[in-house]
Amino acid sequence: MAEKSPPEGQAPAPAAVNPTWAPATKDAVGTALGSPRLWFTVAQGIVTEVYYPRLDIPQLKDLGFIVAGDEGFWVEIRRLGNYTVTWLDDVIPAVTVTHRHERFTLTLKICTDAERDVLLVDFVLLGEPALQLYVLAAPRIGEDAVNNHAWTGDWAGRPVLWAEQGPFGLALAAVDGDGAPALQQRSVGCVGESDGWQDFKRYGGMRGHYADAGPGEVALTAQLTRAGTLALGLSSSREAAATLALQSLAAGFATAWTAYGAGWRQWLQAIQLPPALTKFLSAESQRLVRRSAVVIKCHEDHTFPGAFVASLSIPWGEANSSRGGYHLVWARDLVETATALVALGCVVDARRILVYLIGTQQADGHWLQNQWLGGKPFWQGIQLDETAFPVLLASALAQRDALDGVPIRDMIRRALAFIAREGPVTAQDRWEEDTGVNTFTVAVMIAALVEGSSLLDGREADCALMLADSWNARLESWTWAADTDLARALGVPGYYMRSAPADVLIHDGAKNEALLVKNRAQDFEPDADEQLAIDCLQLARFGLRTSDDPRMAASVKAIDALLKTDTPNGSVWHRYNGDGYGEHPDGAPFDGWGKGRGWPLLTGERGHLALLAGDDVQPYIAAMTQMTGSGGLLPEQVWDSDAIPERGLYPGRPSGSAMPLVWAHAEFIKLALSAATGAPVDRPARTWARYQGRRPRLDYALWQPRQRVRELIVRQELRILLPEPARVHWGTNGWTNPTDVLTEDWGLGHVARLPTGGLAAGDDIEFTFYWPASAQWQGENFHVTVVAEATP
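Residues numbered from 1 in each chain as written. Predicted model: local features only at pLDDT ≥ 70, side-chain atom pairs only at ≥ 80, totals over all residues. Heavy atoms only, no water.

### Overview of the nonpolar core
Right, so step 1: Grouped together as the largest cluster of nonpolar side chains are 233 residues, with contacts concentrated most on Phe-65, Leu-119, Leu-230, Leu-393 and Leu-416.
Right, so step 2: Those residues within four positions of Phe-65 in sequence are excluded, and the remaining contacts are Val-75, Glu-76, Ile-77, Leu-106, Leu-108, Val-121, Leu-133, Tyr-134, Val-135, Leu-224 and Leu-230.
Right, so step 3: Ranked by size, the runner-up nonpolar core spans 21 residues in total, among them Trp-730, Leu-759, Phe-782 and Val-786. (Core = buried A, V, L, I, M, F, W, Y, C linked by side-chain atoms within 4.5 Å. Buried < 20%, exposed > 50% of the residue type's maximum accessible area, 1.4 Å probe, protein only. Contact = heavy atoms within 4.5 Å.)

### Brief notes about the packing of aromatic side chains
Right, so step 1: As enumerated under the stated definition, the model contains 28 aromatic pairs in all.
Right, so step 2: Pairing Trp-74 with Trp-197 gives two aromatic rings, centres 6.2 Å apart and planes at 80°, and the pair type is edge-to-face. One end of the pair, Trp-74, is in strand β6 (residues 74-76); the other, Trp-197, is in helix α2 (residues 196-203), with 123 residues separating them in the sequence.
Right, so step 3: On the accessibility criterion, Trp-74 (26% relative accessible area) is partly exposed.
Right, so step 4: Given the relative accessible area of 23%, Trp-197 is considered partly exposed.
Right, so step 5: Taken together, the ring pairs in this structure connect Trp-316, Trp-431, Tyr-581, Phe-590, Trp-599 and Trp-663 into an aromatic cluster.
Right, so step 6: Above the ring of Trp-151, the side-chain terminus of Arg-238 is found at 4.1 Å from the ring centroid.
Right, so step 7: Over the face of the ring belonging to Trp-480 we find Arg-551, whose NZ or CZ atom lies 5.4 Å from the ring centre. (Phe/Tyr/Trp six-rings, centres within 6.5 Å; stacked < 30°, edge-to-face > 60°. Helix = DSSP H or I, 4+ residues; strand = E, 2+ residues; numbered from the N terminus. Lys NZ or Arg CZ within 6 Å of the ring centre and 35° of its normal.)

### Some thoughts on α2
Right, so step 1: Those residues of α2 not exposed but buried are Gly-196, Gln-198, Asp-199 and Phe-200.
Right, so step 2: In this structure, the buried side of α2 is in contact with β5 (58-68), β6, β11 (132-139) and β17 (218-224).
Right, so step 3: Where α2 begins, the capping side chain belongs to Asp-195, and its oxygen is found 3.0 Å from the backbone nitrogen of Trp-197.
Right, so step 4: Within two residues after α2, Gly-204 carries a phi angle of roughly 75°, on the positive side. (Polar contact = N/O pair within 3.5 Å; in protein donor to acceptor, adjacent residues only side chain to side chain.)

### Some remarks on the side chain of Ser-292
Right, so step 1: With respect to the element layout, Ser-292 can be found in helix α6 (residues 283-298).
Right, so step 2: Residue Ser-292 is classed as buried on the basis of its relative accessible area of 0%.

### Regarding the pairing of strand β30 (residues 764-771)
Within a regular strand, side chains alternate between the sheet's two faces.
Right, so step 1: For β30, the buried fraction is high: 7 of the 8 residues fall into the buried class.
Right, so step 2: The pairing of strand β26 (residues 727-732) with β30 spans 6 bridges and is antiparallel. Note on β30: the bridge partner recorded for Trp-730 is Phe-767.
Right, so step 3: Strand direction decides the pairing type here: β30 and strand β31 (residues 776-777), joined by 2 bridges, are antiparallel. Bridge pairing in β31 links Tyr-770 to Trp-777.
Right, so step 4: A loop of 4 residues connects β30 with β31, the two strands running antiparallel in sequence, and Ala-775 in this loop sits at a positive phi of about 55°. (Pairing = 2+ DSSP bridges.)

### Points about the packing of helix α11 (residues 439-453) against helix α12 (residues 458-473)
Right, so step 1: Remark: α11 packs on α12, axes separated minimally by 8 Å, with the N-to-C direction vectors making an angle of 155°. It follows from the interaxial angle that α11 and α12 lie roughly antiparallel. Crossing geometry of α11 relative to α12 is assigned as left-handed. Taking contact as the criterion, the partners of Met-445, Ile-446, Leu-449, Val-450 and Ser-453 in α11 are, on α12, Ala-461, Ala-464, Leu-465, Leu-467, Ala-468, Trp-471 and Asn-472.
Right, so step 2: Of the residues belonging to the contact of α11 with α12, the class tally is 10 nonpolar, 2 polar and no charged. (Axes fitted to C-alpha atoms, helices over the stretch in contact; angles between N-to-C directions. Parallel < 35°, antiparallel > 145°, perpendicular 65-115°, else oblique. Left-handed = near helix turned anticlockwise from the far one by under 90°. Nonpolar A, V, L, I, M, F, W, Y, C, P; charged D, E, K, R; others polar.)

The values are spatial; any link to function lies outside them.
So this is what it looks like as structure tokens:
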């Protein structure tokens, strides 16, 4: 039924806008290597986000298409759901998407201009001659979506669609195969009221021809020729953006496609893969190794070299209004990425990461929980593994003589001093949740202390090793849970806890304290020693414990029994029991609570443990390979319950979480290369050489204000590590024969060594401090008991 077309002029605005983002699960990501500052993602077979001038500022929500004909027939391509995605040479992110319908085939070739900030989409519509092609674009210019302005217009005599806000402008232009203008009917509108999609929904065709829309959340619409090239330019004004777009169109799509591919081929030539890799990896897994390297590289910002965002997606983005999402930098993810690059031989890229980390280290030595690319904080927590990881990267590059003059001693000194002051308790674990002693975090800190010690001198190095050895020796006293209800149910003597409450350092019974499980609809605080996580596998990976250590073996048995889920694509592991970070049981998106799902990257971590145990690693590599999405990207999580087809959720397939997850791609690279070389490629060399999986035996016990040892084994020396100079006043058995010992400056702290080696079992040591800087006594006495042997 025909209806009257809306009038031209100002487009009507809606009562409200929809601030949600594009789908989180991507088919592809891409950027040209070189000077342009433009990135794109592909999901549902269309361009879903374009970033400029930095990776944390998406300037386009999506660029989609509609195919329409007579009698009200129209199909929005993103909802068709029948498409294939191929990458150039299987690994280069120049993407060809082919959509198939019984009445037509639409082929899109997508890349960016290697010389300009322009996205290019070559399009060909085949099928019934009466069908027409339309483009829909949703700008997000500037810092928000709700103050954009859009126009139709002409530039240099060529028709364009424009959008602008503040210092950012966007222009959309198109040509056919002869270079003639390919934008035909044009309109701009406000989303939800006068945009082009509303036209097709209401009228079955394009009826609106508005010349001006906004300010608000705007959309661009145009009829296209059946074949041609679209150019989306971004710059400091709409006019500059139009000039860039028209230049790219004049140069030709074939030229841009060739140059784009050439840049990536040159970078890929630097990758060094062990020859053994081709002998035991399937063709699909070999391809995923190379594609993972490309995915990682696509996430590096061009304005801030060395800054890699965690993902070009926002988890559950279609139901999420968060501006940050994963378009942020985490020091942990950054170093996990860098160590994969080092393993590939891409040390220049890894060195840029180190330089970025040095430039964003805080004055007191730590790194922010996460940050925008320019270093501005996003979340405010402190995670000590993120303070330790950069030290490991610096050490790895130094051992390969790949620093190229980058000074690292000050960075390492400040980072280790912060760890010495704050550890071993971290304010947040690596999952950004609980305070406590976490095995993963402690493993990374110990490794950083050992690796960093080689880059320090004298007493500073001695202090770092003293801390590392002491913490390593006491790991089980802090984190081992024995004979719990959960252990008995799982048939094991005990396991390494998810995290031990901070009080475990100063008094008995702390393991029974409640530990909050976040991301739940209601508060859930089981006892800490009833919670199990996969984090302890890092102890074996970094060489602090062997894979066959009885406690490690028991923990792995418990982990496999409680945290593993088998899917049609292989086994996947959960973070910890009771996790709530994932879709709801009915498949609805995570909205602050849900049910934790399996993480492919944890399949990689479990695969590393299998390698150390001498088991077959192939099932883990194959599982990660099979858990990729339709575009070959690894997700943060996979669905691990019964299929819910109406929500697109199938066991072993990507859920609505972030995809790609750069950390997951880095883990896959490391698992594949570790399997080829026979040992974890990211295992810190000096840490392995020092411990080789064995708990150290010490001739001293270390006391710190935050870590108060309560027992001293006969013949051990008591060492006291303090944050500033002090006089230690001490005696034995009721302050008999009290004496004073002055601390010595050991760089990372001030150490007093009490001559306690001659004391007998049962003797008590009492001590307190006098602080010269403030001319005050501590006002508290401390006690340590001498025992014949350590309490289990």
